[in-house]
Amino acid sequence: MSQSASSPDAPSRNGAPRYIAHRGLSAQAPENTLAAVRAAHAAGCDWVELDVQLLGDATPVLWHDAGLKRCSDGRGKLLNLDAPRAAQLDVGAWFSEAFRGERMATLEQMLALIVELDMGLNLELKVCRGRNPIELARTALPPVLEALPPERLIVSSFDRHALTAARALEPDADRLRLGVLDDKAPKLWWRETERLSAYSLHLDWRKLKVKRAHEIVDEAVKLFCYTANDPGPFDKLWDWGVDGVISDDPTRFVVHAARAPTAKDRE
Ligand code: G3P
Ligand code: MG
């Protein structure tokens, strides 16, 4: 969140983001759209998490699912779509009438908006079943690295091949911050973060245990948790040293912190 009067925390530009709007402000606008990013910005969020995939013609777009049905008026698979056909879909009306006419965002359009709004981006390389992780990383990453400075970018993925390809594209860990996504950290979690020179681990907040959180924080690996929407039960995770929360509505966390600040809020 920005350091406005409505925002009690002091998140860093150079350090880890504390609040990241999941798929944009997806509680208030259709996920992964330009509208969701504008909504996040309007609500005071500095950072958004977005999912990138390739259309069948290799155009990178922001989209979460393998299919079109849940979040558009189209049917079938993203893989079977090219850019002109993707541009005809309505990706807003499923969420609410107010967003009818919203179009699927290309990565190019999204990067232009994020640059314009001076926001940070946690870009998830989303590898759906049967898709090529290396093609995704090699296609999507170069324009992202071109558009955003290192301190405003974290590239994450559940897919280790995608992360490996991303690191090969930019071996300098200071120039590309990688995030290892998992539902819960394996016992030897550090093997992957070391191999990839990763900046962060991104874990399911419900599965995180205090011991593991302390190990990660003690190793100075940043720790982000997804997807939390109720700030009360998350208080203990702040106390464990979690750096940031990925939430469909980070404003709930800001309001909660203003009422009952945790030790981390007061830092
Ligand atoms: O990056 C955190 C979160 O987005 C991972 O899960 O399925 O919402 O992309 P998903
Ligand atoms: Mg995601």
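Residues numbered from 1 in each chain as written. Chains lettered and ligands numbered in written order. Predicted model: local features only at pLDDT ≥ 70, side-chain atom pairs only at ≥ 80, totals over all residues. Heavy atoms only, no water.

S.K.: Help me get a handle on the overall build of the protein, residues and values and all.
M.R.: Counting secondary structure elements, the protein contains 10 helices and nine strands. For the protein, the spread of C-alpha atoms along the three principal axes comes to 50 × 40 × 30 Å. Per-residue burial for the protein yields a buried fraction of 55% across its 267 residues. Considering only intrachain contacts with a sequence separation of at least 6, the fraction spanning at least 24 residues in the protein is 59%. When the 35 basic and 39 acidic side-chain charges of the protein are each reduced to a single mean position, those positions are 5 Å apart. (Helix = DSSP H or I, 4+ residues; strand = E, 2+ residues; numbered from the N terminus. Buried < 20%, exposed > 50% of the residue type's maximum accessible area, 1.4 Å probe, protein only. Contact = heavy atoms within 4.5 Å. Lys, Arg positive; Asp, Glu negative; His and termini not counted. Charge placed at Lys NZ, Arg CZ, Asp CG, Glu CD.)

S.K.: How would you explain unusual backbone geometry if you had to name every residue and give the values?
M.R.: The residue D118 is not glycine, and still its phi comes out positive at about 60°. Take D118: it is sitting in the loop between α3 (107–117) and β4 (120–125). In this model, S197 sits at a positive phi of 45°, which is unusual for a non-glycine residue. For S197, the location among the structural elements is in the loop between α6 (189–195) and β7 (200–204).

S.K.: Can you tell me about the site of ligand 1, naming the residues and giving the values?
M.R.: Near ligand 1 the following residues occur: H22, R23, E49, D51, H64, E124, K126, F158, L181 and Y226. Take R23: an N or O atom from its side chain is 2.7 Å from an oxygen atom of ligand 1. When isolated, ligand 1 has an accessible area of 290 Å², and the protein chains bury 90% of it. (Near = heavy atom within 4 Å. Polar contact = N/O pair within 3.5 Å; in protein donor to acceptor, adjacent residues only side chain to side chain. Areas by Shrake-Rupley, 256 points an atom, 1.4 Å probe, with all protein chains shown as cover.)

S.K.: Explain the environment of P233 residue by residue, including any values.
M.R.: Along the chain, the position of P233 falls in helix α8 (residues 231–240). Along the backbone, P233 and W205 are 28 residues apart, and their C-alpha atoms lie at a distance of 9.8 Å.

S.K.: Quick one: what's the story with the packing of α8 against helix α9 (residues 251–259), residue by residue and with numbers?
M.R.: The N-to-C vectors of α8 and α9 enclose an angle of 75°; their axes lie 10 Å apart at closest approach. Between α8 and α9, the angle is such that the two are roughly perpendicular. Residue-level contacts link P231, G232, F234, D235 and W238 of α8 to R252, F253 and H256 of α9. In the contact of α8 with α9, the residues fall into four nonpolar, two polar and two charged. (Axes fitted to C-alpha atoms, helices over the stretch in contact; angles between N-to-C directions. Parallel < 35°, antiparallel > 145°, perpendicular 65-115°, else oblique. Nonpolar A, V, L, I, M, F, W, Y, C, P; charged D, E, K, R; others polar.)

S.K.: Describe the side chain of D204, and please don't skip the residues or the numbers.
M.R.: Take D204: it is sitting in strand β7. When its relative accessible area of 5% is taken as the criterion, D204 is described as buried. At a separation of 2.9 Å, a polar atom in the side chain of D204 contacts the side chain of R206. Apart from the residues within four sequence positions on either side, D204 is in contact with D182, D183 and Y226.

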